[in-house]
Amino acid sequence: MPENGAATAADVADAVVVGGGTVGAWCAYFLRRAGLDRVILLEKRTLGQGASSRAAGVVRTQGGTPWAVQLGEWSRRFYLRQASELGFDSGFTPQGYVLPCFTPADVTAARARLAMQVEQGLAVRWLEPAELDALNPTLAPGATLGGTYCADDGYLTPPRNVTAYAVALAVSGVEVRERVRFTGLLTDGGRATGVRTDAGPVSAPLVVLTGGPELAEVAGLAGVTVPAGGVRHQVAVTQPHPDLAPGRVPMVFDLSAGLYWRPEEGGLLFGMSNPDEPPGPAAAIDEPYLAKMRRRLAELVPVTAGLGLRRVWAATIDYTPDHLPIIGPALAGGAPVGGVTVASAGGAGMMWGPAVARPPPDVALTGRSDVTDVADLGLDRFDAAGNSRLATDPIALPFPVAAPPPR
């Protein structure tokens with residue numbers, strides 16, 4: 001644990017949030033909306049410079065666990081009410097989302113998942129193969145055994161989302177400190193009294209640590225071990241084609257290949273992660289894997305076979321070993337650090353980000369959150385090797401299932 005210390009009397013806040021990505025920014029906004037007078041957000045680069053501005057923007061409520069469903073649905077509803085709340089929004093577009101099945105085992109799992117999702121209140125339904133083909137005429141006919149569909153799922157525009165949370169921070173009065181690095185905690189008797197930064201200390205009784213794929217490094221500066229890591233994620237956009245008009249293309253997630261797609265600029269945006277790639281920072285394009293996923297996409301959406309690519313990019317996104325978020329007290333030596341919360345969306349920053357950002361203020365100020373029950377989502381679910389006692393969320397990108405290497 002960092003040595004005890006105190007900030008100068010001139011730099012005192014009610015809360016400090018570390019990290020200016022989707023989770024950190026919305027968390028700072030929610031803290032301010034909860035009534036805290038002075039909330040400071042620290043970002044070592046600039047707002048949204050990390051994975052937030054390089055995401056695909058998918059917002060899916062069809063999660064594989066009740067937590068995932070609740071987080072996705074809360075975020076979706078938040079995106080829908082942003083315009084009235086902020087006067088600006090993240091550009092959420094309801095598009096509908098299909099999760100197709102290709103084997104009998106897929107069907108069995110999907111139907112069980114569907115029952116859980118309906119119990120959670122989602123407007124999701126089963127599509128027989130002919131119904132799925134009619135809904136998605138770009139799909140190769142007869143390719144599936146049916147699938148689940150939710151018309152409410154959609155996507156947002158990632159750069160616009162960064163603008164939305166920048167607007168939210170400004171209008172709510174959060175003090176944003178860009179190009180300021182968090183360097184450690186100030187503590188007294190096992191409780192946080194503030195933070196250290198490369199621009200000097202800040203006194204505060206509440207601290208929230210975020211950081212996406214860099215969360216483990218951020219938390220390590222506070223003496224806290226977090227089994228979250230980073231992996232390469234690639235996204236590409238095809239040339240436009242009349243057959244790919246948005247009305248003909250619901251969003252689709254091919255779980256068997258870890259490949260998803262949605263409409264974008266008259267073409268298809270598709271994203272992928274390589275399950276065999278070891279974790280670690282990576283922002284270069286993996287050309288062989290991109291080619292492999294293009295072949296899979298062409299099998300399922302034949303019109304894409306002859307289309308060039310307009311844009312391709314890669315980013316390092318975060319993951320957790322059980323593919324679930326982390327929301328809970330920071331732990332040092334197995335004991336909670338009073339006043340310090342860790343928050344990670346586990347690679348689902350657009351999809352779960354606002355819903356992951358809301359519970360830390362809720363729990364800190366009222367002891368509970370209406371978003372979801374976070375009692376089992378804390379760091380105490382991991383053992384010393386980073387293994388989780390929770391089952392892995394089955395509806396996720398093919399992230400690693402082992403804890404990332406120590407940093």
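All residue numbers refer to position in the chain's written sequence, counted from 1. For a predicted model such as this one, the threshold for reporting local features is a pLDDT of at least 70, and the threshold for listing and counting side-chain atom pairs is 80 or more; totals across whole chains, interfaces and linings nevertheless cover every residue. Neither water nor hydrogens contribute to the side-chain values; these are computed over all heavy atoms in the structure.

## Concerning the overall build of the protein chain
Looking only at helices and strands, the protein chain features nine helices and 20 strands. In this setup the radius of gyration rests on C-alpha atoms only. A globule is expected at 2.2 Å times the number of residues raised to 0.38. Taking 407 residues into account, the globule formula puts the C-alpha radius of gyration at 22 Å, and the protein chain, at 21 Å, falls close to it. Counting only C-alpha atoms, the protein chain reaches 70 × 40 × 40 Å along its principal axes. Among the 407 residues that make up the protein chain, the fraction classed as buried is 57%. Pairs at least 24 residues apart make up 75% of the contacts formed inside the protein chain by residues separated by at least 6 positions. Taken as a whole, the protein chain presents about 15,600 Å² of accessible surface, with 54% of it coming from carbon and sulfur. Residues counted as positive are Lys and Arg, residues counted as negative are Asp and Glu, and His and the chain ends are not counted. Every charge is mapped to an atom, namely NZ of Lys, CZ of Arg, CG of Asp or CD of Glu. Of the charged side chains in the protein chain, 33 are positive and 39 negative, and the gap between their average positions amounts to 4 Å. Each helix corresponds to a stretch of at least 4 residues labelled H or I by DSSP, and each strand to a stretch of at least 2 residues labelled E; elements are numbered beginning at the N terminus. Whether a residue is buried, partly exposed or exposed follows from its accessible area with a 1.4 Å probe, protein chains only, as a fraction of its type maximum: under 20%, in between, or over 50%, in that order. Residue contacts are counted whenever heavy atoms from the two residues lie within 4.5 Å of one another. Throughout, the Shrake-Rupley method with a 1.4 Å probe supplies accessible areas, and for residues the shown protein chains are the sole cover considered.

## Let's talk about the sheet that holds strand β8 (residues 154–155)
Strands in a sheet are paired, the pairing made by backbone hydrogen bonds, and the direction either parallel or antiparallel. Taken in spatial order, the three strands line up as β3-β8-β4 in an open sheet, and their pairing is antiparallel. Because the sheet does not close on itself, it has two edges, and the strands there are β3 (58–59) and β4 (93–94). DSSP calls a pair of strands paired once it identifies at least 2 bridges connecting them. Direction of pairing for β3 relative to β8: antiparallel, over a ladder of two bridges. Opposite Val58, over in β8, you have Tyr155 as the bridge partner.

## Some points on helix α2 (residues 66–86)
Here the expected span of a helix is defined as 1.5 Å times the quantity of residues minus one. In this model α2 runs 29 Å from its N-terminal to its C-terminal C-alpha over 21 residues, within 8% of the 30 Å that 1.5 Å per residue would give. At Leu80, α2 is deflected by roughly 40°, the largest bend along its length. Remark: Gly87 follows α2 within two positions and exhibits a positive phi of approximately 80°. The reported bend at a residue is simply the angle between two axes, fitted to the 7 residues ending at it and to the 7 residues beginning with it.

## Some thoughts on the sheet that holds strand β14 (residues 229–238)
In spatial order, the strands read β6-β7-β5-β15-β16-β17-β14-β18; together these eight strands make up an open sheet with mixed pairing. Each edge of the open sheet is held by one strand with a lone partner, namely β6 (124–127) and β18 (309–319). Along the sheet, successive strands turn relative to each other by an average axial angle of 20°, direction set aside. For strand β16 (residues 259–264) and strand β17 (residues 267–272), the ladder comprises six bridges, and the chain directions are antiparallel. Counterpart to Trp261 in the pairing with β17 is Phe270. Fitted lines through C-alpha atoms serve as axes, helices being fitted only where they are in contact, and the angles separating the N-to-C directions of these axes extend from 0 to 180 degrees. Against the sheet, helix α3 (residues 104–119) contacts β5 (97–100), β6 and β7 (147–150), and its axis sits at roughly 155° relative to β6. With respect to the sheet, helix α7 (residues 287–300) is in contact with β14, β15 (251–254), β16, β17 and β18, its orientation differing from that of β17 by roughly 130°.

## Topic: the packing of aromatic side chains
Pairing of aromatic rings covers Phe, Tyr and Trp, the last through its six-membered ring, and needs centres within 6.5 Å; plane angles under 30 degrees mean stacked, over 60 mean edge-to-face, and all others mean tilted. Per the stated rule, a full pass over the model turns up twelve aromatic pairs. Ring centres of Phe78 and Tyr79 lie 6.2 Å apart, and the angle between their planes is 50°; this geometry places the pair in the tilted category. When its relative accessible area of 1% is taken as the criterion, Phe78 is described as buried. Only Lys NZ and Arg CZ are tested; either one counts as a charge over a ring when it is within 6 Å of the ring centre and within 35 degrees of the ring normal. Over the face of the ring belonging to Trp126 we find Arg111, whose NZ or CZ atom lies 4.2 Å from the ring centre. Geometry around Phe102 places Arg296 over its ring, the cationic atom sitting 5.0 Å from the centre.

## Here's the deal with unusual backbone geometry
The general pattern is negative phi for most residues beyond glycine and trans for most peptide bonds. For Arg179, which is not glycine, the phi dihedral falls at a positive 55°. In the Ramachandran plot, Glu265 falls in the positive-phi region, its phi being about 55° despite a non-glycine side chain.

## Describing the confidence of the model for the protein chain
The predicted model of the protein chain averages 95 in pLDDT, with 97% of residues at 70 or higher. A residue's pLDDT is the predictor's confidence in that residue, given on a scale from 0 to 100. Across residues 1–7, confidence stays below pLDDT 50; counting only partners more than four residues off in sequence or on other chains, it has 24 contacts.

## Describing the nonpolar core
As used in this record, nonpolar core signifies buried Ala, Val, Leu, Ile, Met, Phe, Trp, Tyr and Cys residues forming a set joined through side-chain atoms within 4.5 Å. Within the largest apolar cluster, 47 residues are counted, with the highest numbers of intra-cluster contacts made by Trp26, Leu31, Leu169 and Val356. Elements supplying a minimum of two residues to this core: β1 (15–18), α1 (22–33), β2 (39–43), α2, α5 (158–172), β13 (206–209) and α8 (349–357). For this core, the element with the highest residue contribution is α1, accounting for eight residues. Excluding residues within four positions of it along the chain, Val356 makes contact with Val23, Leu71, Pro325, Ile326, Ile327, Ala343, Ser344 and Ala345. Leu185, Val218, Val224 and Ile326 belong to the second-largest nonpolar core, a separate cluster that totals 29 residues.

## Topic: the pattern of salt bridges
Basic side-chain nitrogens of Lys or Arg form a salt bridge, by our definition, when they fall within 4 Å of a carboxyl oxygen of Asp or Glu. On inspection of all chains with the given rule, the structure shows 23 salt bridges. Ionic pairing is found between Lys44 and Glu214, a salt bridge with its closest N-O pair at 3.0 Å. Of this pair, Lys44 sits in the loop between β2 and β3 while Glu214 is found in the loop between β13 and α6 (215–221), placing the two residues 170 residues apart along the sequence. Looking at Glu214, the relative accessible area reads 22%, which means it is partly exposed. The salt bridge partner of Arg368 is Asp370, with a shortest N-O separation of 2.6 Å. Accessibility classification places Arg368 together with Asp370 in one group, the exposed group. What emerges from the salt-bridge pattern is a single network uniting Arg262, Glu264, Glu265, Arg310 and Arg311.

## Remarks on the pairing of strand β19 (residues 326–332)
One face of the sheet, then the other: side chains in a regular strand alternate in exactly this way. Extensive coverage of β19 is indicated by the burial of five of its seven residues. Pairing of β19 with strand β20 (residues 335–344) involves six bridges; the strand directions are antiparallel. Considered in β20, the bridge of Ile326 is made with Ser344. In sequence, β19 turns back onto β20 through a hairpin of two residues, with Gly333 there showing a positive phi of about 65°.

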